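Close look at the chain arrangement
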Amino acid sequence: MKINKLLTICWQGLMGLFVVLGVIFAGVIHGKVEDLGVTFLLFGLICVLLTSFSWARIIEEYDYSRRKEIALKVLHYILGGIGLAILFFVGFFAIVTYMQEAELDEPVTSVTKYFYGGFFSIVLALIFNALLRNFPSLFPACRDRWPRLFFEDYGFMILLPICIVGTIFLLTFGEHLTLYILMLIWNFVAIFFFLFLKCRYNKVIFGYILLGLTALINIIFMVYYQSQVDLASLIKTDGTVMFQFTCFGYFLIAMIICIPFYALVEKFHTKLSRNIRSIIFFIVPILSFGLQILMYFYWYIAVIIAIASIGIAYLVALFTPSSYTDYLYVDDDGDYYVVRRYY
């Protein structure tokens, strides 16, 4: 038996054990461990279902007939999709309940904290694992050295315990910052995923949909946050309020700068490799975070910088013809690579 298959069975069995413990704690013992039992039951089941995505890849290593391989893949993708649906359904209500209880300035109940922490940990592990798995698609120079299959097989298993420990630490010392940190991380990688969709799949429209949905979520949170906090008086004096609002606001600045800048580097930097472009898209969100904070104190300087950057990028990128044609090629790993021919 191959080692990845063995370890995946062990991992899925461990998650199944949490489901059994959850049934025992919640349905048999009751008492103080009942909330913990429900958490074990629910998130153990989610992890069992999410492991189906790993099986969908492992199946490719066995000599199944084409029809059987497709059938097994579809089955595992359906099971994994069910796991994601349950995760985000539970996460939505956990976030809403957590925010409602936090507004009362009272300790958050244990079951809400368990559900919220479980959702936060799993989503964080999924985001980081997606980045690590697809790293070679964004930095082709490291494709021969990057252990891509390692992260596809074991990434989630390794990252989930790390994210759980980090979540426990965060909920212990800064429980009211978890949602904002999750959005901070997601906002940071959303633009990166846009570049990934463009480089690997040439699916730019899906990238724009991703950016649009992320921007909409940020706007909703910004409006809601503004209705709960007196931003005018606290944004400059309260570091927590400043950080929390910036976690939502900086994404809009980053997106406005990144989109025209992306068009700019695509058209004019003939020697600019995809590695450099990917690095740029790491840097822009970080700079936008600082630019957002600068706006609170010296808004006119931030506006001048933003207008100058955006204006120059738009003028150059949108009103000049392209000087090249891209040809897409796919390798045996299913990764797309662009060969660019200049006129």
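In the block above lies the structure referred to throughout.
Let me begin by describing the structure that accompanies this report. A quick note: this is a predicted structure, and the numbers were derived from the prediction, not measured.

Overview of the overall build of the protein chain
- When helices and strands are counted, the protein chain shows 13 helices and two strands.
- Looking at the 343 residues of the protein chain, the share that counts as buried comes to 44%.
- Nonlocal contacts in the protein chain, meaning residues at least 24 apart in sequence, comprise 70% of its contacts between residues at least 6 apart.
- Of the roughly 18200 Å² of accessible surface on the protein chain, a fraction of 73% belongs to carbon and sulfur atoms.

Thoughts on the nonpolar core
- Residues Phe43, Ile122 and Phe156 are the most contacted members of the largest nonpolar core, which totals 55 residues.
- Every element with two or more residues in this core is listed here: helix H1 (3-29), helix H2 (34-50), helix H4 (66-103), helix H5 (110-133), helix H7 (148-173), helix H8 (178-201), helix H9 (204-228) and helix H11 (239-268).
- Looking at this core element by element, the count peaks at eleven residues for H5.
- Once you skip the residues sitting within four places of it in the chain, Ile122 turns out to touch Phe43, Ile46, Cys47, Leu50, Leu87, Phe156 and Leu160.
- If you look at the next biggest cluster of nonpolar residues, it comprises 14 residues, including Leu211, Met255, Cys258 and Ala302.

Overview of the pattern of salt bridges
- Inspection of the entire model under this criterion finds four salt bridges.
- With its nearest N and O atoms 3.5 Å apart, the salt bridge here joins Glu152 to Arg57. Taken together, the residues Glu152 in helix H7 and Arg57 in helix H3 (residues 52-58) connect sequence positions 95 residues apart.
- In this structure, Arg57 engages Asp153 in a salt bridge whose closest nitrogen and oxygen atoms are separated by 2.9 Å. Highlighted residues: Arg57 in helix H3 and Asp153 in helix H7, separated in sequence by 96 residues. As far as burial versus exposure is concerned, Arg57 and Asp153 are alike and both buried.
- A single salt-bridge network, built from bridges that share partners, covers Arg57, Arg148, Glu152 and Asp153.

Brief notes about the packing of H1 against H2
- One can describe the packing of H1 onto H2 by two numbers: an axis separation of 7 Å at closest approach and a directional angle of 150 degrees. In this view, H1 runs roughly antiparallel relative to H2, as classed from their interaxial angle. H2 is crossed by H1, and the crossing has left-handed handedness. Between H1 and H2, the contacting residues are Gln12, Met15, Gly16, Phe18, Val19, Leu21, Gly22, Val23, Phe25 and Ala26 on the first element and Glu34, Gly37, Val38, Phe40, Leu41, Gly44, Leu45, Cys47 and Val48 on the second.
- Each residue belonging to the contact of H1 with H2 can be placed in one class, and the counts come to 13 nonpolar, five polar and one charged.

Describing the packing of H5 against H7
- Following both chains from N to C, one finds H5 and H7 inclined at 145 degrees, their axes separated by 7 Å at the closest point. In the crossing of H5 with H7, the sense of the turn from one axis to the other is right-handed.
- Looking at the contact of H5 with H7 residue by residue, the class counts come to 16 nonpolar, five polar and four charged.

Here's the deal with H9
- Compared with the 36 Å implied by 1.5 Å per residue over 25 residues, the 36 Å span of H9 between its first and last C-alpha is a close match.
- What H9 keeps buried is the set Gly207, Leu210, Leu211, Thr214, Ala215, Asn218, Phe221, Met222 and Tyr225.

Some thoughts on the packing of aromatic side chains
- According to the stated counting rule, one finds 14 aromatic pairs in the structure shown.
- Geometrically, the ring pair formed by Phe43 and Phe115 is edge-to-face, given 5.9 Å between the ring centres and 85 degrees between the ring planes. Separated by 72 residues along the polypeptide, Phe43 in helix H2 and Phe115 in helix H5 bring together distant segments of the chain.
- For Phe115, a relative accessible area of 17% translates into the label buried.
- Judged by centre distance (5.1 Å) and plane angle (5 degrees), the ring pair of Phe221 and Phe248 falls under stacked. Taken together, the residues Phe221 in helix H9 and Phe248 in helix H11 connect sequence positions 27 residues apart. Of the two residues examined, Phe221 and Phe248, each falls in the buried class.
- Following the ring pairs from residue to residue traces out a cluster consisting of Phe18, Phe25 and Phe40.

Quick word on the side chain of Thr51
- Counting through the fold element by element, Thr51 comes out in the loop between H2 and H3.
- Polar side-chain contacts of Thr51 include one of 3.4 Å to the side chain of Trp11.
- In this structure Thr51 touches Thr8, Trp11 and Gln12, once residues within four positions along its chain are discounted.

Looking at the side chain of Asn187
- Along the chain, Asn187 turns up in helix H8.
- In terms of polar contacts, Asn187 uses its side chain to reach the backbone carbonyl oxygen of Cys247, at 2.8 Å.
- If near-sequence neighbours (up to four positions away) are discounted, Asn187 is found in contact with Thr214, Asn218, Cys247, Phe248, Tyr250 and Phe251.

Conventions used here
Residue indices begin from 1 for each chain and proceed along its sequence in written order. In view of the model being predicted, local features appear only for residues whose pLDDT reaches at least 70, and side-chain atom pairs are presented and counted only at 80 or more, with totals across whole chains, interfaces and linings using the full set of residues. The basis for every side-chain value is the complete set of non-hydrogen atoms in the structure, without hydrogens or water. The helix and strand labels rest on DSSP assignments: H or I over at least four residues marks a helix, E over at least two residues marks a strand, and numbering proceeds from the N terminus. Any residue under 20% of the maximum accessible area for its type is buried, any over 50% is exposed, and the rest in between are partly exposed; the area is computed with a 1.4 Å probe on protein chains only. In this description, contact between two residues means that some pair of their heavy atoms is separated by no more than 4.5 Å. Accessibility throughout is a Shrake-Rupley quantity obtained with a 1.4 Å probe, and a residue counts as covered only by protein chains that appear here. By nonpolar core is meant a set of buried Ala, Val, Leu, Ile, Met, Phe, Trp, Tyr and Cys residues that side-chain atoms within 4.5 Å join together. The term salt bridge refers to a pairing of a side-chain nitrogen on Lys or Arg with a carboxyl oxygen on Asp or Glu at a separation within 4 Å. All axes are obtained by fitting lines to C-alpha atoms, using only the stretch in contact for helices, and the reported angles, taken between N-to-C directions, cover 0 to 180 degrees. The scheme is simple: roughly parallel for angles under 35 degrees, roughly antiparallel for over 145, roughly perpendicular for 65 to 115, oblique for anything else. Less than a right angle of anticlockwise turn of the near helix away from the far helix marks a crossing as left-handed, whereas a clockwise turn marks it as right-handed. Amino acids are sorted into nonpolar (Ala, Val, Leu, Ile, Met, Phe, Trp, Tyr, Cys and Pro), charged (Asp, Glu, Lys and Arg) and polar (every other residue, Gly among them). A helix is expected to span 1.5 Å multiplied by its residue count minus one. For this analysis, a ring pair means two rings from Phe, Tyr or Trp (six-membered ring only for Trp) whose centres lie within 6.5 Å, classed as stacked if their planes differ by under 30 degrees, edge-to-face if by over 60, and tilted for the remaining angles. Polar contact is the term for a pair of N or O atoms within 3.5 Å; when the atoms are in protein, one must be able to donate a hydrogen and the other to accept it, and sequence-neighboring residues count only if both atoms are side-chain atoms.

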